[in-house]
Amino acid sequence: MCAAVPRVACINDLSGYGRCSLTMALPVLSVMGVQACPVPTAVLSKHTGFSHFSFTDLTDALPAYLKSWNDLQFDMIYSGFLGSERQMSLLREFFEFQKAKNPACRILLDTVMGDDGKLYSTYTKALCDSMRELVQHADIITPNVTEACLLTGTPYHGESLHTAEAVALGDQLLSLGCGAVVITGIVREDMICNMTYTGGEPEFSVIHRTKCLYSGTGDLFASVLCGALAVGQPLAEAVETAGSFLSAVTQYTLKQNTPAEEGVLFEPLLRTLPETLTSSR
Ligand code: PXL
């Protein structure tokens with residue numbers, strides 16, 4: 001496939017307020033020239049970082065939704081926040097079906113489960129176990145350090161990792177059956193590293209670190225990564241593209257002094273994203 005406009009199935013929740021998941025993925029992919037086809041896994045009034053929010057799980061709507069897509073093909077499938085174990089098994093079937101139709105279809109699984117050593121409030125151990133099983137169907141996974149530890153059963157001791165520790169995590173993640181691992185948000189003094197690893201030499205992409213932990217940064221990173229891959233950038237280059245956009249957006253947000261749960265103010269910088277893409281190609 002990879003027509004003039006690459007097509008991506010975006011499986012994620014719709015959070016009405018707080019800048020994450022589909023409200024980020026759709027504008028990012030559109031501005032990068034990619035057709036983003038949403039599969040909403042849940043509808044929340046606000047993301048789970050707020051103290052009050054409504055949560056409607058959409059698992060029951062998914063079988064008919066995905067079945068009606070049996071006549072479609074995708075260049076990529078990008079999945080993020082998932083609301084239930086059954087949802088994960090429905091996704092496994094969708095992945096297998098789409099791969100059988102189009103073996104070139106790449107699956108980007110953002111293993112959204114937690115951050116900063118903690119699980120997001122709607123995630124349970126059973127959901128983490130199902131996520132671990134889903135990993136074997138993915139071409140690329142993008143865990144942060146917390147998620148890499150959860151997936152591999154490694155004790156979490158902060159976001160700083162030595163290269164040997166990051167590679168050991170990468171090896172364990174590859175052994176779960178995915179094709180490539182991008183461990184995001186590895187803290188190195190006043191910098192952040194994202195490690196791309198496929199079993200050979202790890203590649204580190206270094207970006208600016210802001211002291212404030214904004215929600216939705218992982219979603220922004222994975223969405224830009226997805227767009228860059230969909231338009232043909234190689235993985236390590238796409239990781240650079242995603243990292244440098246995230247870095248620009250977090251620095252801009254810090255200057256505005258907005259609350260962390262409001263997420264990163266990506267909107268004013270969105271129009272610069274296609275330029276970043278062409279200049280790095
Ligand atoms: O940014 C990850 C994410 C996605 N979706 C929902 C969330 C979060 C993180 O808090 O709550 C609903």
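Below or above, wherever it landed, is the structure these notes cover. (Residues numbered from 1 in each chain as written. Predicted model: local features only at pLDDT ≥ 70, side-chain atom pairs only at ≥ 80, totals over all residues. Heavy atoms only, no water.)

1. Digging into the overall build of the protein
Tallying secondary structure elements over the protein gives 9 helices and 11 strands in all. Scaling as 2.2 N^0.38, a compact globule of 281 residues should have a C-alpha radius of gyration of about 19 Å, and the protein matches this with 17 Å. Along the first, second and third principal axes, the C-alpha atoms of the protein reach 50 × 40 × 40 Å. Across the 281 residues that make up the protein, the buried fraction comes to 52%. The contacts in the protein between residues at least 6 apart in sequence include a share of 69% that link residues at least 24 apart. (Helix = DSSP H or I, 4+ residues; strand = E, 2+ residues; numbered from the N terminus. Rg over C-alpha atoms; globule rule 2.2 N^0.38 Å. Buried < 20%, exposed > 50% of the residue type's maximum accessible area, 1.4 Å probe, protein only. Contact = heavy atoms within 4.5 Å.)

2. Points about the packing of aromatic side chains
All told, the structure shown has 6 aromatic pairs when counted by the stated rule. Here the aromatic rings of Trp-69 and Phe-94 are separated by 6.4 Å at their centres, their planes lie at 50°, and the arrangement is tilted. Linking Trp-69 in the loop between helix H2 (62-67) and strand E4 (76-79) with Phe-94 in helix H3 (residues 85-101), this pair joins segments that are 25 residues apart in sequence. One exposure class covers both Trp-69 and Phe-94, and it is buried. Ring geometry for Phe-74 versus Phe-94: centroids 6.2 Å apart, planes at 65°, classification edge-to-face. Here Phe-94 lies in helix H3 and Phe-74 lies in the loop between H2 and E4, a separation of 20 residues in the sequence. Considered together, Phe-74 and Phe-94 belong to a single accessibility category, that of buried residues. Ring pairing ties together the aromatic residues Tyr-65, Trp-69, Phe-74 and Phe-94, which thus form one cluster. One Lys or Arg, Arg-188, reaches over the ring of Phe-204 and ends 5.3 Å from the middle of that ring. (Phe/Tyr/Trp six-rings, centres within 6.5 Å; stacked < 30°, edge-to-face > 60°. Lys NZ or Arg CZ within 6 Å of the ring centre and 35° of its normal.)

3. Points about the site of the ligand
Near the ligand the following residues occur: Asp-13, Ser-15, Cys-20, Ser-21, Leu-44, His-47, Thr-48, Phe-81, Val-112, Tyr-120, Gly-216 and Asp-219. A distance of 2.7 Å separates a nitrogen atom of the ligand from a polar side-chain atom of Asp-13. Contact distances for the ligand include 2.9 Å between an oxygen atom and a side-chain N or O atom of Asp-219. Out of a free accessible area of 310 Å², the ligand has 96% covered by protein chains. (Near = heavy atom within 4 Å. Polar contact = N/O pair within 3.5 Å; in protein donor to acceptor, adjacent residues only side chain to side chain. Areas by Shrake-Rupley, 256 points an atom, 1.4 Å probe, with all protein chains shown as cover.)

4. Considering the packing of helix H5 (residues 145-152) against helix H6 (residues 163-174)
With their axes 10 Å apart at the nearest point, H5 and H6 run at an angle of 55° to one another. The orientation of H5 relative to H6 falls into the category oblique. When you trace H5 past H6, the crossing you get is left-handed. Each of Ala-148, Leu-151 and Thr-152 in H5 lies in contact with H6, whose residues at this interface are Leu-169, Gln-172 and Leu-173. (Axes fitted to C-alpha atoms, helices over the stretch in contact; angles between N-to-C directions. Parallel < 35°, antiparallel > 145°, perpendicular 65-115°, else oblique. Left-handed = near helix turned anticlockwise from the far one by under 90°.)

5. Describing the sheet that holds strand E5 (residues 106-109)
Judged by pairing direction, the sheet is mixed, and its 9 strands sit side by side in the order E3-E2-E1-E4-E5-E8-E9-E10-E11 without closing on themselves. Only two strands of the sheet have a single partner each, and these edge strands are strand E3 (55-57) and strand E11 (203-208). Packed on one face of the sheet, helix H8 (residues 235-256) meets strand E8 (140-141), strand E9 (180-188), strand E10 (191-197) and E11 and runs near 15° to E11. (Pairing = 2+ DSSP bridges.)

6. With respect to the nonpolar core
Counting residues in hydrophobic clusters, the biggest one holds 46 residues, and the most contacted among them are Phe-94, Met-131 and Ile-183. Those residues within four positions of Ile-183 in sequence are excluded, and the remaining contacts are Pro-143, Asn-144, Val-145, Ala-148, Ala-166, Leu-169, Gly-170, Leu-173, Cys-193, Asn-194 and Met-195. (Core = buried A, V, L, I, M, F, W, Y, C linked by side-chain atoms within 4.5 Å.)

7. With respect to H5
Buried residues dominate H5, accounting for 7 of its 8 residues. Along H5, the residues classified as buried are Val-145, Thr-146, Glu-147, Ala-148, Cys-149, Leu-151 and Thr-152. In this structure Asn-144 caps H5, since a side-chain oxygen of it lies 3.2 Å from the backbone nitrogen of Thr-146.

8. Section: the pattern of salt bridges
Under the definition given, this model contains 6 salt bridges. Across the salt bridge formed by Lys-125 and Asp-129, the nearest N and O atoms sit 3.1 Å from each other. Of this pair, Lys-125 and Asp-129 both sit in helix H4 (residues 125-134), 4 residues apart, roughly one helical turn. On the basis of relative accessibility, which here comes to 27%, the residue Asp-129 falls in the partly exposed class. (Salt bridge = Lys/Arg side-chain N within 4 Å of Asp/Glu carboxyl O.)

9. A short note on the environment of Asp-116
Within the secondary structure, Asp-116 sits in the loop between strand E6 (114-115) and strand E7 (118-119). Since its relative accessible area comes to 35%, Asp-116 is described here as partly exposed. Between the alpha carbons of Asp-116 and Thr-146 there is a distance of 6.1 Å; along the sequence they are 30 residues apart. Residues in contact with Asp-116, not counting those within four places in the same chain, are Thr-146, Tyr-156, Glu-159 and Leu-213.

These values are about where atoms sit, not about what they do.
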